[in-house]
Amino acid sequence: MVQAAPINEYLEVRSVVRTFVLICSLGLFVLASGASATQRPYVLEAERYHKLLMDMPFELLELTVSEAADLSETTSDGQPRAAAIIDGVTGCASAGCRFLKDELQWRETRTRLEAWNEAYPDSEAAQIALATLYYELGWFYRGTGPWKTVSQQNRDRYKQFVELSREKLEALPEESRNNPAWFGSLLSIGVSQNWDVATFDTIYDEGIEKFPDYLPLYFSKAQNVDPRWGGSMEGFIQYVDRASTYARPYFGDQLYARLIWSGPSSSLFRKNLVDWPRMRKGFNEMIAAHPHPWNINHFARFACMARDSKTLVRLLERIDEKPTFEAWYNDPMVYLNCQTFAMQSQT
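Residues numbered from 1 in each chain as written. Predicted model: local features only at pLDDT ≥ 70, side-chain atom pairs only at ≥ 80, totals over all residues. Heavy atoms only, no water.

## With respect to the overall build of the protein chain
Looking only at helices and strands, the protein chain has 18 helices and 0 strands in total. Just so you have it, the protein chain exposes about 17200 Å², and 53% of that area is on carbon and sulfur atoms. (Helix = DSSP H or I, 4+ residues; strand = E, 2+ residues; numbered from the N terminus. Areas by Shrake-Rupley, 256 points an atom, 1.4 Å probe, with all protein chains shown as cover.)

Right, dumping it as structure tokens:
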């Protein structure tokens, strides 16, 4: 008779096999997704709006803009559709979009935006989009890598087009300030040009007073105080607390979660500056309203960072070993390490 292996040895072997199978699955996942630049739903939906600009009658685009004026209309991950439309039709290079790959495609986009303005000369969205295009074109030349990696020629192009975009936005009719996208675009320029606090906050304060439920305004201000853009950890977390309290009637605690997510989150967790119960509450509200895998996977990663095994186990069950790779820093081992932590917490 063959002697049975001890149960703990059996469990160890099973764990190794499980890990091997998962690594193979993740490897196949990476190969399958390699052709796609991103799984981020906001960017994918923005790209669809760009195709709408390029391929469909402007009447349909105007109808889409009109529907998205209700800021409760969101993308599948909970971002305002109004922002995704403007970002999409202007190329959203600043957000890491890569669907406009060369100067010819940028010129073709500008031609279509000019034609949209001619067809609908009173369209605030068309006017704002054409002005914003130059900001995004600047980011196309700059790229999203470190400043030191940008050539002098592309630095000059970046500065030139960002400034041109500012001039065009500020020259638009006063009625443009009735559109949240005008504030969103101008504040993005403010971050890029490193405006002084008084100048930036004048636009920001007016924007959130008129449109307190427009997420991009809060993201821009958070970026403005982010230590990666010259701010400080303490200033960032103070802003997050202040803004999420101000906007709680519109977002609950979701804004707290989103702003930490958008910021230097790893450093904030290491320095114990995150109110995890509040962030967890915000994420629970978020995935209840917008249960997209993008949100669930990021929530799980943050739960792992917070060493909240109970929440992590619950979320991994929903992920069901089909992770959204980008949420885990594009690194299978990050996912595996968090999964191991969750498994060990149950023994």
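## Notes on the pattern of salt bridges
Pairing is possible between side chains that carry opposite charge, provided their charged atoms lie close to one another. One pass over the full model with this rule turns up 14 salt bridges. Ionic contacts of the salt-bridge type, sharing partners, join the residues Asp241, Arg248, Asp253, Arg278, Lys281 and Glu285 into one network. (Salt bridge = Lys/Arg side-chain N within 4 Å of Asp/Glu carboxyl O.)

## Details of the confidence of the model for the protein chain
A residue-level look at the protein chain finds 89% of positions with pLDDT of 70 or above and a mean pLDDT of 91. Ignoring residues within four places in sequence, the model shows residues 1–17, a span with pLDDT below 50, making 1 contact including any to other chains. Between residues 28–36, whose pLDDT stays under 50, and residues either more than four places distant or in other chains, the model counts 4 contacts. (pLDDT = per-residue confidence, 0-100. Contact = heavy atoms within 4.5 Å.)

## Some thoughts on the environment of Pro277
Tracing the backbone shows Pro277 in helix 15 (residues 276–289). Between the C-alpha atoms of Pro277 and Ala306, which are 29 residues apart in sequence, the distance is 9.7 Å.

## Description of the packing of aromatic side chains
This structure, assessed with the given rule, holds 18 aromatic pairs. With a centroid separation of 5.9 Å and 15° between ring planes, the pair formed by Tyr141 and Phe161 is classed as stacked. Here Tyr141, found in helix 6 (residues 124–142), pairs with Phe161, found in helix 7 (residues 152–170); they are 20 residues apart in sequence, far enough to count as distant. Judged by its relative accessible area of 14%, Tyr141 is buried. Judged by relative accessible area, which is 16%, Phe161 ranks as buried. Each ring, one from Phe283 and one from Phe299, has its centre 4.8 Å from the other, and the planes form 10°; the classification is stacked. Note that Phe283 is positioned in helix 15 and Phe299 in helix 16 (residues 293–305), a separation of 16 residues in sequence. Residue Phe283 shares its accessibility class with Phe299, and that shared class is buried. One aromatic cluster is present, formed by Trp261, Phe269, Trp276, Phe283, Phe299 and Phe302 through successive ring pairs. The ring of Phe302 is capped by Arg301, whose NZ or CZ atom sits 4.7 Å from the centre of that ring. (Phe/Tyr/Trp six-rings, centres within 6.5 Å; stacked < 30°, edge-to-face > 60°. Buried < 20%, exposed > 50% of the residue type's maximum accessible area, 1.4 Å probe, protein only. Lys NZ or Arg CZ within 6 Å of the ring centre and 35° of its normal.)

## Quick word on unusual backbone geometry
Even without a glycine there, the phi angle at Tyr329 is positive, about 60°. Looking at the secondary structure, you find Tyr329 in the loop between helix 17 (309–319) and helix 18 (332–345). Judged by relative accessible area, Tyr329 falls into the partly exposed class, the value being 44%. Phi is positive for Asn330, which is not a glycine, with a value near 55°. Tracing the backbone through its elements, the reader meets Asn330 in the loop between helix 17 and helix 18.

## So, the environment of Tyr250
Among the secondary structure elements, Tyr250 is positioned in helix 12 (residues 248–251). If we ignore the near neighbours within four places in the chain, the residues touching Tyr250 are Pro212 and Asp213.

## Considering the state of the cysteines
A full pass over the atoms with the stated rule returns 2 disulfides. Across a sulfur-sulfur distance of 2.0 Å, Cys92 and Cys97 are joined as a disulfide pair. Taking the torsion about the S-S bond as the criterion, the Cys92 to Cys97 disulfide, at about -95°, is left-handed. Of the residues examined, Cys92 reaches a relative accessible area of 0% and is grouped as buried. A sulfur-sulfur distance of 2.1 Å marks the disulfide that ties Cys304 to Cys338. The sign of the S-S torsion, about -95°, decides the handedness of the disulfide formed by Cys304 and Cys338: left-handed. Separated by 34 residues along the polypeptide, Cys304 in helix 16 and Cys338 in helix 18 bring together distant segments of the chain. For the protein chain, the disulfide bridges join cysteines in the arrangement 1-2, 3-4, where the cysteines are counted in sequence order. (Disulfide = S-S within 2.5 Å.)

## Concerning the side chain of Thr109
Considering the arrangement of structural elements, one finds Thr109 in helix 5 (residues 103–119). Here the side chain of Thr109 touches His50 through a polar contact of 2.9 Å, side chain to side chain. Leaving out residues up to four positions away in the same chain, Thr109 has contacts with His50, Leu53, Met54, Val89, Leu100 and Leu133. (Polar contact = N/O pair within 3.5 Å; in protein donor to acceptor, adjacent residues only side chain to side chain.)

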